[in-house]
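# Architecture at a glance
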Number of protein chains: 2
Amino acid sequence: MHQYLNDPMKIEKKSFELIAGELPKHSDIRFDEKQMLIVQRMIHTTADFEYANLVSFNNNAVERGLNVIQNGCRIYADTKMIEAGVNSRVLSRFGCEIVNYISDDDVKAQAVEKGVTRSTIAMQKACRDNRIRIFVIGNAPTALYALLKNIEDGEASPDLIIGVPVGFVGAAESKEALLQTDIPSIVIRGRKGGSTVAVAIVNALMYMLDNSR
Amino acid sequence: MHQYLNDPMKIEKKSFELIAGELPKHSDIRFDEKQMLIVQRMIHTTADFEYANLVSFNNNAVERGLNVIQNGCRIYADTKMIEAGVNSRVLSRFGCEIVNYISDDDVKAQAVEKGVTRSTIAMQKACRDNRIRIFVIGNAPTALYALLKNIEDGEASPDLIIGVPVGFVGAAESKEALLQTDIPSIVIRGRKGGSTVAVAIVNALMYMLDNSR
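Residues numbered from 1 in each chain as written. Chains lettered and ligands numbered in written order. Predicted model: local features only at pLDDT ≥ 70, side-chain atom pairs only at ≥ 80, totals over all residues. Heavy atoms only, no water.

## Concerning the pairing of strand S2 (residues 74-77) of chain A
Residue and element names in this part refer to chain A. Here is the rule: When accessible area is computed with a 1.4 Å probe and restricted to protein chains, residues below 20% of their type maximum are described as buried, those above 50% as exposed, and intermediate ones as partly exposed. The numbering of helices and of strands both runs from the N terminus, where a helix is a DSSP run of H or I of at least 4 residues and a strand a run of E of at least 2. Strands qualify as paired when DSSP identifies two bridges or more between them.
Every second residue of S2 is oriented toward a common face, with Arg74 and Tyr76 on one face and Ile75 and Ala77 on the other, all of them buried. Bridge count between S2 and strand S3 (residues 97-99): 3 bridges; the pairing is parallel. Bridge assignment links isoleucine 75 to a residue of S3, and that residue is isoleucine 98. Relative to strand S4 (residues 132-137), S2 runs parallel, the two sharing 4 bridges. Its bridge partner lying in S4, alanine 77 is registered against valine 136.

## Looking at the sheet that holds S4 of chain A
Paired through backbone hydrogen bonds, the strands of a sheet run either parallel or antiparallel to each other. All names here are of chain A. Applicable threshold: With axes taken as lines fitted to C-alpha atoms, and helix axes fitted only over the stretch in contact, angles between N-to-C directions fall between 0 and 180 degrees. We call two residues in contact whenever any of their non-hydrogen atoms come within 4.5 Å of each other.
With mixed pairing, 6 strands are arranged side by side in an open sheet as S1-S6-S5-S4-S2-S3. Edge positions in the sheet fall to strand S1 (55-58) and S3, since each has one partner strand and no second. Going from strand to strand, the sheet's axes swing by 15 degrees on average, the running direction of each strand aside. Along the sheet, helix H2 (residues 33-46) contacts S1 and strand S6 (185-188); its crossing angle with S1, the most-contacted strand, is approximately 150 degrees. Of the strands in this sheet, S2, S4, strand S5 (160-163) and S6 are in contact with helix H11 (residues 195-209), which crosses S5 at around 145 degrees.

## Remarks on the environment of glutamate 176 of chain B
All names here are of chain B. With respect to the helices, strands and loops of the structure, glutamate 176 is situated in helix H10 (residues 171-179). For glutamate 176, a relative accessible area of 27% gives the class partly exposed. Residues glutamate 176 and glycine 163 lie 13 residues apart in sequence; the distance between their C-alpha atoms is 9.8 Å.

## A few points about unusual backbone geometry
Among all residues except glycine, the phi angle is most often negative; among peptide bonds, the trans geometry is most common. All names here are of chain A. With a phi angle near 55 degrees, asparagine 59 is a residue other than glycine that sits in the positive phi range. Relative to the elements of secondary structure, asparagine 59 occurs in the loop between S1 and helix H4 (61-70). Phi at asparagine 60 takes a positive value of approximately 60 degrees, unusual for a residue other than glycine.

Okay, structure coming up:
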């Protein structure tokens, strides 16, 4: 009864062609080739062209990110959804892995004890692991603030922060605080962002290094 | 250095107040109290007020969804991200569980063999389990089409479809096909949607039944 495209690679190719064709109507920002792959994948994931106007690439972020992925590293994600969404099959080819501590028993206990978010405590735990070179924050401004505090205190020195927490309380402010630093970062300014956007960015970086998928 | 709110329940309360205050600027659609809780949670998740204008509640969807959750059921999600994002602690209180078959070995093998998406094959597998009463599609139009085909063939009769696949190829069309049926559904029309939106809807339904979290 229903006629539709049912080949995954054809669907993706056709989607990216449509996005590339429509993008100039929504944004006149110039991106380099690698940045454009990230922008297109964010739009592919959200069907929201506004992301082209909200994204900010800072301090050689793409090159730094590609470099540490290629050398194998741990990536910390602030949500289980990001952990689930990143293509772990491709990630493992580079000797990389993605981790999240939000459901760890010690994290839960400390968050209750201190009356702060689990995201905050989980981030503090992540900052103690210096194999983690990329931090991906798609949900909690409190996680991003905790990360910035740890960096100020000299307890973490990431190669890349993907700073895309979403929301109405603290999200925009936390991302502006990140932009005040000289850390390599990919940021969505304002309230928008979220786990699917974070996943799109990580996957876009990996796919630049791996065309065999 | 940074001053910010760090109490999870206060952050959520403040967010919902901001959303309720701003919503009338973006939409003049009237929602009943339960629908409004879903709309607000979708906006909370995306920071995108357009969702208020894209959502469609059909055939007593909210009541049907609440009823089957309360009686304990399986929920099929078309992505691992949805499975990861739904609050499984609250879900288990109702004797419910969420499942996803996208990474099952038999699904992978059949998808390659037939040259169709894994989402399609996984959905066919889900339709053979009559404990699954709610289908949540946040990603793949092909999964929604496969579900509709199974329903037409009398092989599935869900109590609720949350139909929010995102994208540029087939997503809008698949959701319009769903709207042609008399199945209870919550749908985001057009291209937008995605796993975070799907999770927001499922969690909003659960939270209406559970204020103890």
